[in-house]
Amino acid sequence: MQMSRRIVSKFPARAAAAFCLITAGGLSYQANSPPFFSDSSVSQGVLRSCRAICTIVITVADYKYSLHGLPKDCDEYRHLLSEVHLRSAKRLLELCETNKGFYVKAGQFVSSLRQVPKEYSLTLSLLQDQVVPCDFKFIKEVIVSNLGQDLSEVFIWFKEQPIAAASIGQVHHAMLKDHQEVAVKVQYPGLEKKMKLDTRIMYFLSEFVAWFFPEYRFQWLVSEFTESVSLELDFVQEAKNSETIASNFKNNKFVRVPHIFWDFTTKQVLTMQFCHGHKVDDVEFLNGMRINQEKVAKLLLEVFAEMIFVHGFLHGDPHPGNILVSTEGQGGFSLVLLDHGICKKLDEEFRLEYCQLWKALILSDSKKIQLLAERFGVGKYYRYLPIIFSGRTIDSKSGLEKGMLVEEQKKLKQDLKALTMEDISSFMESLPSDFLIILRTDELLRSAVSKLGASKWVRLQTYGKYASLGLSPKLNPCSDLKSVALYTRLVGNIEYIHLRLAIGVTNMVVWLEKLKRCLIRFHRRMSAAGKGMLTAFSNCNFKV
């Protein structure tokens, strides 16, 4: 506490003025907004806002005070910066856990981005989307007001204790009058207006940080978070998204999407088929059921690769709680896709260019990567795209299935040291929105796949395969002009075959490496066995 007072006491008058402006803005929003909570709820909203403002003010002061006068290119500055990052991340963690609701959601959103300092992503990853369930009396009021019927008129039974509770709503287990088992997702009352206050305060705070640290520009992050949360609050749109994904995977026997019951679905109540299963990264369950973890990881990657590269319609929140492994399905298991609130229809031109990017990554085509980076608005940082997606430098000499050479790692470390927060902010705010949701989705998938023990090559192989499918001429009919159409189809076929051959050759290299290791192990065992037999033979005493 003394540390906080010392920092604030050294904080300039400019900060005090900004603090007053932001506080006044938040409070005026409360005053001008129509009443949507009780008086105690309004006071809680003001308290949450003030708590957030104080946390950010102290954090900004900490950065200013701790790093004052140090040149940015020295080791001491980098060491102290990491310490301040960690202290600040812990403050934000405490803020999110205390304020709950959208603050928890925001913390999770930040933790899923690899582009923020690791101190933040690792610390905020401790947040759990488990909240104290809302009193069933209020949940019942939401259901009755939305469906226009009492629970007894719609359901045979309805369990008051929720099976899941998150930051925007909770899920109850029930049975309809026609004996169909359902999951009923209910939104907390007054949430939409509460979100407007919280996200407005977050935006004010991002402006405040940018005022003192122009290189720390997080407005893009607040905008992306606000958009994703706004999507989640419309359960009708979520139901439509669910049906779109179900339609896209209707011929895939390994993927299940809960059926929507439209007669009992509104903007705040979503009634869907109840599906049994366990979280996709529940290794203990998979081992107990003798389900191959690598097969689960491969299927998970294939499903989302197909969404990105082929369908162009993406489920943007694949954390383990939203993907279940069911023991039903061919091969002994299937994936159940839940919670389709954050879904995005990718721009068709972007989808094709993203397929081209992965083709260039697989083929190590640096010129094509640079060209596509310019199309994405980040031409200045094209050298870092292979690192972000494949874990290799743009001029790497090692095979795609292998890691970086020691010399490449040393050079990369030096290059990354030269990057500033200004570079990261510029990179992130220049990316198209479609790219940002893919980055977040990919990071969540990597985390799940890593827990399942799958190798990096499984992901690269899968993405390369589906990128080639996404470029398939059958998927991309173009011009009505016969000559142009034939030429485009010919070029497309050549590119498709080229990429599939590259993946096939790399697969063969990987297979030969595995065969080589197996033969070496076999040879060592045989040699050891042979030596043992010779020793035993020489120790024998033969009597005539």
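For clarity, every value in this text was computed on a predicted model and none was experimentally measured.

Overview of the pairing of strand β9 (residues 323–326)
(1) Moving on: Because side chains alternate across β9, one face comprises the buried residues I323 and V325, and the other comprises L324 and S326, equally buried.
(2) Moving on: As judged from the two bridges shared by strand β7 (residues 278–279) and β9, these two strands associate in the antiparallel manner. Bridge pairing in β9 places H278 opposite V325.
(3) Moving on: Across four bridges, β9 lies against strand β10 (residues 334–337) in antiparallel orientation. Bridging from a neighbouring strand, S326 pairs with S334 of β10.

Some remarks on the sheet that holds β9
(1) Moving on: Ordered by their spatial adjacency, four strands build an open sheet running β5-β10-β9-β7, and the pairing between neighbours is mixed. Strand pairing shows two members of the sheet lacking a second neighbour, β5 (255–256) and β7, which therefore form its edges.
(2) Moving on: Here β5 runs beside β10; their pairing, made up of two bridges, is parallel. Residue pairing for β10: R256 is matched across the bridge by V336.
(3) Moving on: With respect to the sheet, helix α13 (residues 293–311) is in contact with β5, β9 and β10, its orientation differing from that of β10 by roughly 45 degrees.

Points about the nonpolar core
(1) Moving on: Counting 138 residues, the largest nonpolar core has F309, Y354, L357, W358, F389 and F435 as the members making the most contacts within it.
(2) Moving on: With 12 residues, the top contributor of residues to this core is α13.
(3) Moving on: Among residues more than four places away in sequence, those in contact with Y354 are I308, F309, F376, F389, F435 and I438.

A short note on the packing of aromatic side chains
(1) Moving on: If you walk through the whole model with that rule in mind, you get 15 aromatic pairs.
(2) Moving on: With 5.0 Å between their ring centres and 80 degrees between their planes, F376 and F435 make a pair best called edge-to-face. Placement of F376 in the loop between α15 (366–375) and α16 (385–390) and of F435 in helix α19 (residues 433–451) is noted, with a sequence separation of 59 residues between them. Like F376, the residue F435 is buried in the burial classification.
(3) Moving on: Between Y381 and F427, the aromatic rings sit 5.9 Å apart at their centres with planes inclined by 90 degrees, giving edge-to-face as the arrangement. With a gap of 46 residues between them, Y381 in the loop between α15 and α16 and F427 in helix α18 (residues 421–430) connect regions that are remote in the sequence.
(4) Moving on: By the ring-pair criterion, three or more aromatic residues cluster together here, those being F309, F350, Y354, W358, F376, F389, F435 and Y463.

Re the pattern of salt bridges
(1) Moving on: Considering all chains together, one arrives at 20 salt bridges under this definition.
(2) Moving on: In this structure, K185 and D339 form a salt bridge, with 3.4 Å as the shortest nitrogen-oxygen distance. You can see K185 sitting in strand β4 (residues 181–187) and its partner D339 sitting in the loop between β10 and β11 (343–345), a full 154 residues away along the chain.
(3) Moving on: Across the pair D442 and R459 runs a salt bridge whose closest N-O atoms are separated by 2.9 Å. Of this pair, D442 sits in helix α19 while R459 is found in helix α20 (residues 456–470), placing the two residues 17 residues apart along the sequence. Grouping residues by exposure puts D442 and R459 together as buried.
(4) Moving on: Overlapping salt bridges, with partners in common, bring together D62, R87 and R91 in one network.

A word on the confidence of the model for the protein chain
(1) Moving on: Per-residue confidence for the protein chain gives a mean pLDDT of 81, with 78% of residues at or over 70.
(2) Moving on: Contacts for the low-pLDDT stretch residues 1–39, under 50 throughout, to residues beyond four places or in other chains number 51 contacts.
(3) Moving on: Scored below 50 in pLDDT, residues 478–482 shows four contacts in the model against residues more than four places distant or in partner chains.

Cut-offs applied
- Residues numbered from 1 in each chain as written.
- Predicted model: local features only at pLDDT ≥ 70, side-chain atom pairs only at ≥ 80, totals over all residues.
- Heavy atoms only, no water.
- Buried < 20%, exposed > 50% of the residue type's maximum accessible area, 1.4 Å probe, protein only.
- Helix = DSSP H or I, 4+ residues; strand = E, 2+ residues; numbered from the N terminus.
- Pairing = 2+ DSSP bridges.
- Contact = heavy atoms within 4.5 Å.
- Axes fitted to C-alpha atoms, helices over the stretch in contact; angles between N-to-C directions.
- Core = buried A, V, L, I, M, F, W, Y, C linked by side-chain atoms within 4.5 Å.
- Phe/Tyr/Trp six-rings, centres within 6.5 Å; stacked < 30°, edge-to-face > 60°.
- Salt bridge = Lys/Arg side-chain N within 4 Å of Asp/Glu carboxyl O.
- pLDDT = per-residue confidence, 0-100.

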